[in-house]
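Tertiary structure, described
Spelled out, the chains give:
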4 protein chains.
Amino acid sequence: MAISLRKARTIIRKSLEKGRDMGLKPLSVVVLDAGGHVQAFERETGAAPGRFAIAHGKAYGAVMLGMAGTAQMKRAEDQAYFMAAVNGVYGGQVIPVPGGVLLRDKKGAVIGAVGVTGDTSDNDAVAAMAGIDAAGLIGEI
Amino acid sequence: MAISLRKARTIIRKSLEKGRDMGLKPLSVVVLDAGGHVQAFERETGAAPGRFAIAHGKAYGAVMLGMAGTAQMKRAEDQAYFMAAVNGVYGGQVIPVPGGVLLRDKKGAVIGAVGVTGDTSDNDAVAAMAGIDAAGLIGEI
Amino acid sequence: MAISLRKARTIIRKSLEKGRDMGLKPLSVVVLDAGGHVQAFERETGAAPGRFAIAHGKAYGAVMLGMAGTAQMKRAEDQAYFMAAVNGVYGGQVIPVPGGVLLRDKKGAVIGAVGVTGDTSDNDAVAAMAGIDAAGLIGEI
Amino acid sequence: MAISLRKARTIIRKSLEKGRDMGLKPLSVVVLDAGGHVQAFERETGAAPGRFAIAHGKAYGAVMLGMAGTAQMKRAEDQAYFMAAVNGVYGGQVIPVPGGVLLRDKKGAVIGAVGVTGDTSDNDAVAAMAGIDAAGLIGEI
């Protein structure tokens, strides 16, 4: 199953709505497909200019490794040189913290990832999950 | 004047609608702000995975040089080594063809750019202009 | 539809067999999935050491642009600066010549690409098509 | 002595079989020649898309330094800045953990390396050794 643009839009809109409901700082949300390629992205008015790369880096590492942000962060804390080396082979494009959420279909196959950035990593992940739930998909934070 | 996320969404939606009305191939549309940073992006279902980079490259060169896609293409045809050198200093991120459209406010100041890719460069530019018109902004192709 | 490893193996074996039947130089064959990621690769004994990158570059451009090697070569001949710029945004990873063959499913959706290198570009493409036919898939050279 | 494609295939097949026998997650296996160049690679159906780069990074560091994954990991733990610097000169292509296995001939000369990724680093190395044994070669983990 691929991510349709329609599903990606729902994820983004509902993640941003959740951020506003929670009173978070302006958020940026990316949805990547199963190959790690950008399907859709929105950066809220007022968010810092460099937020695309952060959102992308959270989601990109999740897809490429098949490992969500929380697990990546644990690995970075346990074995910093490993995640540094991973970043080398992926062109420095990986941000190993929560807010990078794997998208799975009902059989457990990875069909993409969502990256949210702007507030704390944990709040970013909560906003992402709200969007993923609204789209009827399964997220792994 | 900055590009609000709301305006960026309008540009993208109306560009995609125009593409469907014209019977174009699946399109991808990016909106960059006045600093060349991604505000919003959507890739239609069925578009090739690498289309973010092409859309981005069209819009990025426009903002960074203050020169729209048509003028960049003329420069590339007249003086290929110059545009190659430009790409060197901009990290290889510039795609100098139509479909990269400068956004101007009513006083003529550049406030961002739109990049559209998926069909011929000329059709891409037509779709971009439809989105820009719908958002009440001035485009330079 | 994704490329299974089993299908990828068939494509590679039958492409190499075709090369031997035709008396071609030692070949190298890569199969990429729909996201441009390597599924399988083999380099025949005697092939030059750098052949992975050439095979990969032929297939990678095909997937990322949704455009097979023959069409890429025509574009490179008509508008050299455009394909040079494309290579900039894709990290210099595109080899725009025949031997990069798009894989499509029965509905026409791109499900990956095959890259063959070692002999002339045209012979490389013939070998690729033999492998693709044997796997029951549709190739676009 | 060079690695023939035939030997490389045996290593890959038997490593993957070992992984299935042990109930490991889907594996990816690369075989590099004595110059660090890819001879063959397979990624099992279900493995994350970015696994080629990880497998390659494990094997590449082994060949380039003449030091297997376990020794590289020890060095990274003892002297992280050294392995970071090594990655600088090798273009960020080194993953210094087990699963990168040196291949030696009977006289002890390095003739290539195997990189396995997908499960824990230690299990990856066990799978690699099974493949190397089946091919009648000597591995150093």
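Overview of the structure. (Residues numbered from 1 in each chain as written. Chains lettered and ligands numbered in written order. Predicted model: local features only at pLDDT ≥ 70, side-chain atom pairs only at ≥ 80, totals over all residues. Heavy atoms only, no water.)

Notes on the pairing of strand 2 (residues 38–43) of chain A
Residue and element names in this part refer to chain A.
- Within strand 2, six of the six residues are buried, which leaves it mostly tucked inside the rest of the structure.
- Looking at chain direction, strand 1 (residues 28–33) and strand 2 are connected through five bridges and run antiparallel. Residue pairing across strands places Val30 opposite Phe41, the latter belonging to strand 2.
- From the end of strand 1 to the start of strand 2, which pair antiparallel, there are four residues, and Gly36 there has a positive phi angle of about 85°. (Buried < 20%, exposed > 50% of the residue type's maximum accessible area, 1.4 Å probe, protein only. Helix = DSSP H or I, 4+ residues; strand = E, 2+ residues; numbered from the N terminus. Pairing = 2+ DSSP bridges.)

Concerning the sheet that holds strand 2 (residues 38–43) of chain C
- In spatial order, the strands read 5(C)-3(C)-4(C)-1(C)-2(C)-2(D)-1(D)-4(D)-3(D)-5(D); together these ten strands make up an open sheet with antiparallel pairing. Strand pairing shows two members of the sheet lacking a second neighbour, strand 5 (138–140) of chain C together with strand 5 (138–140) of chain D, which therefore form its edges. This sheet shows a mean twist of 20° between the axes of neighbouring strands, independent of strand direction.
- As defined by bridge partners, strand 3 (residues 100–104) of chain D adjoins strand 4 (residues 110–117) of chain D across five bridges and the pair is classed as antiparallel. The residue of strand 4 of chain D that forms the bridge with Gly100(D) is Gly115(D).
- Sheet strands in contact with helix 1 (residues 5–22) of chain D are strand 2 of chain C together with strand 1 (28–33), strand 2 (38–43), strand 3 and strand 4 of chain D, and its direction is about 25° off that of strand 2 of chain D. (Axes fitted to C-alpha atoms, helices over the stretch in contact; angles between N-to-C directions. Contact = heavy atoms within 4.5 Å.)

Description of the sheet that holds strand 4 (residues 110–117) of chain A
- If you trace the ten strands from one edge of the open sheet to the other, you get 5(A)-3(A)-4(A)-1(A)-2(A)-2(B)-1(B)-4(B)-3(B)-5(B), paired in antiparallel fashion. Each having just a single partner strand, strand 5 (138–140) of chain A together with strand 5 (138–140) of chain B make up the two edges of the open sheet. Strand-to-strand twist across the sheet, computed as the mean angle between neighbouring axes with direction ignored, equals 20°.
- Set on the sheet, helix 2 (residues 51–65) of chain B makes contact with strand 2 of chain A together with strand 1 (28–33), strand 2 (38–43), strand 3 (100–104) and strand 4 (110–117) of chain B; between it and strand 4 of chain B the angle comes to about 150°.

Points about the relation of the copies chain A and chain B
- It takes a turn of 180° to lay chain A on chain B, together with a shift of 0.0 Å along the axis; the resulting RMSD is 0.1 Å. One copy is carried onto the other by what is essentially a two-fold rotation axis. Among all C-alpha atoms of chain A, that of Phe41(A) lies closest to the rotation axis, at 2.5 Å.
- When the interface residues of chain A are mapped onto chain B, 100% of them again lie at the interface, so the same face is used by both copies. (Least-squares fit on C-alpha atoms with pLDDT ≥ 70 in both.)

All quantities given are derived from atomic positions and should not be read as evidence of function.
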